[in-house]
Number of protein chains: 2
Amino acid sequence: MSNEKLIITVSREYGSGGRKIAKMLAESLGIGFYDGELLSLVAKESGYTEEFVRKNEQKKTRSLLYSLYLSSQILPAGDVIFIAQTKVIQDLAEKESCVIVGRCADYVLRNRENVVNIFIHAPFEKRVERVRDEYKEDAPDNNHKAYVQKKDKERVAYYNYFADENWGKAKSYHLSIDSSIGDESCVRIITDYINEIRSK
Amino acid sequence: MSNEKLIITVSREYGSGGRKIAKMLAESLGIGFYDGELLSLVAKESGYTEEFVRKNEQKKTRSLLYSLYLSSQILPAGDVIFIAQTKVIQDLAEKESCVIVGRCADYVLRNRENVVNIFIHAPFEKRVERVRDEYKEDAPDNNHKAYVQKKDKERVAYYNYFADENWGKAKSYHLSIDSSIGDESCVRIITDYINEIRSK
């Protein structure tokens, strides 16, 4: 499959460095990287501004079906954005090899071939450290532990709402890796994995 | 840590080829491999014969605490074997670098340093195929699907009973890999991972 398109989805725990690792991976493989960049594409698709998308995309909304029941015209912003993201992700997968971070891309592309799903995680304490020291995130009352816990819950809730309940289960991914080994090491291991696939 | 002992635990779904991959990995790294071999050591430890251990080690037993409550002297065979296995695994980890398959070794060694936990899985259909064609296992009524489902349940129940409820969650392992990529490829990826650790 050396000449075929390859879509790599990266799901990651908050504070695991997954986004950074995914970006390094895309650079190392010489293919596109979509995360923040995705937002501007999505914004165009949904008719919202990029700033509006950034603020609303992970907001909890009412049940999608309930919303559809209430009105076939007006959906909560979060749902409209998710639907637009889904279309953008599917179009990207049609068009080019790339790395897509988050946004339930693994779920969106679940019935497609040539998709490799990666999960990046790290022990809680390591993630708290990284969020405080590397991300330099401000946490309410400077309590980074509570902040990471809140982010963990939000991420799982987002996935469970829009996708299914398999977030973080090893079986949901082709490769899952603990980033404590180091970001560069992670990139090398994932690249090795991709090279094994490409050599088939 | 290039000169330190390294214990690699391999947990695996039934039919994923995890045991074979673990054996190839141990050979590739030139370190000990403990699975069936473990049984004879355990048998000596518990006073049971090797055959008795093989028949009883994964049998469901009553709650360990309830059994202890009923009698501080007589424990079900499965529990005695597990306690003996725990001791054997701890002794092995003290003594030499090795690969240990199954037996909740990841849980038994959870508070120890220099332990790398690997999880090997594969899609259900691939596992059914392997059990039928490669393991050549006889399944009741030749129904290999039902047989693999039963084995899955047994493995999870065994882990939940003796360890905790984290079996199969990506966070429980340093590296999880879908063996559909091929057994040799898995060995190479895991070896790369071990080499990254050793180079630190």
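Going by the structure above, here's the rest.
K.L.:
Any details on the relation of the copies chain B and chain A? Residues and values, ideally.
P.N.:
Superposition record for chain B on chain A: RMSD 0.0 Å, screw rotation 180°, translation along axis 0.0 Å. Each copy turns onto its partner about a two-fold axis. Comparing contact sets, 100% of the residues at the interface of chain B also lie at the interface in chain A, consistent with an isologous, same-surface contact.

K.L.:
So what's going on with the packing of aromatic side chains? Residues and values would help.
P.N.:
All names here are of chain A. On inspection of all chains with the given rule, the structure shows 16 aromatic pairs over all chains. Seen from their ring centres, Tyr14 and Tyr147 are 6.0 Å apart, and the 75° between their planes marks the pair as edge-to-face. Placement of the pair is Tyr14 in the loop between β1 (7-12) and α1 (18-29) and Tyr147 in helix α8 (residues 144-162), with a sequence separation of 133 residues. In this pair, the class of Tyr14 matches that of Tyr147, namely buried.

K.L.:
An account of the pattern of salt bridges is requested, with residue identities and associated values reported.
P.N.:
Counted by the stated rule, this structure contains 34 salt bridges over all chains. For the salt bridge of Arg103 of chain A with Asp35 of chain A, the shortest nitrogen-to-oxygen distance reads 2.5 Å. Residue Arg103 of chain A is found in the loop between β3 (98-101) and α6 (105-108), and its partner Asp35 of chain A is found in the loop between β2 (32-34) and α2 (36-46); the two are separated by 68 residues along the sequence. Residue Arg188 of chain A pairs with Glu196 of chain B through a salt bridge whose shortest N-O separation is 2.6 Å. Taken together, the positions of Arg188 of chain A in helix α9 (residues 183-198) and Glu196 of chain B in helix α9 (residues 183-198) put the pair across two chains. The exposure class of Arg188 of chain A is partly exposed, given its relative accessible area of 43%. The exposure class of Glu196 of chain B is buried, given its relative accessible area of 10%. Via salt bridges that share partners, Glu13, Arg127 and Asp152 of chain A together with Lys171 of chain B belong to a single interconnected network.

K.L.:
With reference to specific residues and values, describe the interface of chain B and chain A.
P.N.:
Many descriptions give the size of an interface as the accessible area lost when the pieces come together. With 25 residues of chain B at the contact, the number on the chain A side is 25 residues. In this assembly, chain B packs against chain A so that about 2000 Å² is buried in total across both faces, 55% of it on carbon and sulfur atoms. Ranking the residues of chain B by area buried against chain A places Lys171, Ile181 and Glu196 of chain B at the top, with a combined share of 27%. In this structure, the salt-bridge partner of Glu13 of chain B is Lys171 of chain A, at a minimum N-O distance of 2.9 Å. In this structure, the connection of chain B to chain A is made through 21 residue pairs in polar contact (both at pLDDT 80 or more). Sorting the residues of the side of chain B that touches chain A by element identifies β4 (115-121), β5 (175-178) and α9 of chain B as the ones contributing at least two each. Examining the composition of the side of chain B that touches chain A, we find that 7 residues originate from one element, α9 of chain B, more than from any other. Of the strand pairs in this sheet, strand β5 (residues 175-178) of chain A and β5 of chain B are connected by 3 bridges, and their pairing is antiparallel. Along β5 of chain B, the bridge assignment pairs Ile177 of chain A with Leu175 of chain B.

K.L.:
Please set out the sheet that holds β2 of chain A residue by residue, giving values where relevant.
P.N.:
Taken together, the 10 strands give an open sheet; going across it, the order is β2(A)-β3(A)-β1(A)-β4(A)-β5(A)-β5(B)-β4(B)-β1(B)-β3(B)-β2(B), and neighbouring strands pair in mixed fashion. One side of each edge strand has no neighbouring strand; the edge strands of this open sheet are β2 of chain A together with β2 (32-34) of chain B. Each adjacent strand pair in this sheet contributes to an overall mean axis angle of 20°, direction not counted. Along the sheet face, α1 of chain A touches β1, β2, β3 and β4 (115-121) of chain A and points at about 160° away from the line of β1 of chain A.

K.L.:
Could you give me a rundown of the side chain of Glu13 of chain B, with the residues and numbers involved?
P.N.:
One can find Glu13 of chain B in the loop between β1 (7-12) and α1 (18-29). Exposure remark for Glu13 of chain B: the relative accessible area of 5% places this residue in the buried category. Among the polar contacts made by the side chain of Glu13 of chain B, one reaches the side chain of Lys171 of chain A at a distance of 2.9 Å. Excluding residues within four positions of it along the chain, Glu13 of chain B makes contact with Lys171 of chain A together with Phe119, Ile120, His121, Ala122, Arg127, Arg155 and Trp167 of chain B.

K.L.:
Can you lay out unusual backbone geometry for me, pointing to particular residues and giving the numbers?
P.N.:
Residue and element names in this part refer to chain A. With a phi angle near 55°, Cys104 is a residue other than glycine that sits in the positive phi range. Assignment of secondary structure puts Cys104 in the loop between β3 and α6. Although it is not a glycine, Asn142 sits at a positive phi angle of roughly 60°. Locating Asn142 in the fold gives a position in the loop between α7 (124-133) and α8.

K.L.:
So what's going on with the layout of surface pockets? Which residues, and what values?
P.N.:
Of the volumes computed, that of the largest pocket is approximately 1100 Å³. In the lining of the largest pocket, the residues fall into 16 nonpolar, 10 polar and 14 charged.

K.L.:
Quick rundown of α9 of chain B? Include the residues and the values.
P.N.:
The terminal C-alpha atoms of α9 of chain B lie 22 Å apart, and with 16 residues this matches the ideal 22 Å at 1.5 Å per residue to within 8%. Among all positions in α9 of chain B, only Asp183, Ser185, Cys186, Val187, Ile189, Ile190, Thr191, Tyr193, Ile194, Glu196 and Ile197 of chain B are buried.

K.L.:
Any chance you could break down the packing of α9 of chain A against α9 of chain B for me, citing the residues and the numbers?
P.N.:
Direction vectors running N to C along α9 of chain A and α9 of chain B enclose 165°, while the axes themselves pass 10 Å from each other. Judged on the interaxial angle alone, α9 of chain B and α9 of chain A are roughly antiparallel. With respect to the hand of their crossing, α9 of chain A and α9 of chain B are arranged in right-handed fashion. Of the residues in α9 of chain B, those in contact with Ser185, Arg188, Ile189, Asp192, Tyr193 and Glu196 of chain A of α9 of chain A are Ser185, Arg188, Ile189, Asp192, Tyr193 and Glu196 of chain B. Looking at the contact of α9 of chain A with α9 of chain B residue by residue, the classes come out as 4 nonpolar, 2 polar and 6 charged.

The rules behind each value
- Residues numbered from 1 in each chain as written.
- Chains lettered and ligands numbered in written order.
- Predicted model: local features only at pLDDT ≥ 70, side-chain atom pairs only at ≥ 80, totals over all residues.
- Heavy atoms only, no water.
- Least-squares fit on C-alpha atoms with pLDDT ≥ 70 in both.
- Contact = heavy atoms within 4.5 Å.
- Phe/Tyr/Trp six-rings, centres within 6.5 Å; stacked < 30°, edge-to-face > 60°.
- Helix = DSSP H or I, 4+ residues; strand = E, 2+ residues; numbered from the N terminus.
- Buried < 20%, exposed > 50% of the residue type's maximum accessible area, 1.4 Å probe, protein only.
- Salt bridge = Lys/Arg side-chain N within 4 Å of Asp/Glu carboxyl O.
- Buried area = accessible area lost by both parts, 1.4 Å probe.
- Polar contact = N/O pair within 3.5 Å; in protein donor to acceptor, adjacent residues only side chain to side chain.
- Pairing = 2+ DSSP bridges.
- Axes fitted to C-alpha atoms, helices over the stretch in contact; angles between N-to-C directions.
- 1 Å grid on protein atoms, 1.4 Å probe; cavity = no way out; pocket = protein on both sides within 12 Å on 5 of 7 lines; lining within 4 Å.
- Points joined across faces, edges and corners; volume = space filled by probe spheres on them.
- Nonpolar A, V, L, I, M, F, W, Y, C, P; charged D, E, K, R; others polar.
- Expected span 1.5 Å × (residues − 1).
- Parallel < 35°, antiparallel > 145°, perpendicular 65-115°, else oblique.
- Left-handed = near helix turned anticlockwise from the far one by under 90°.

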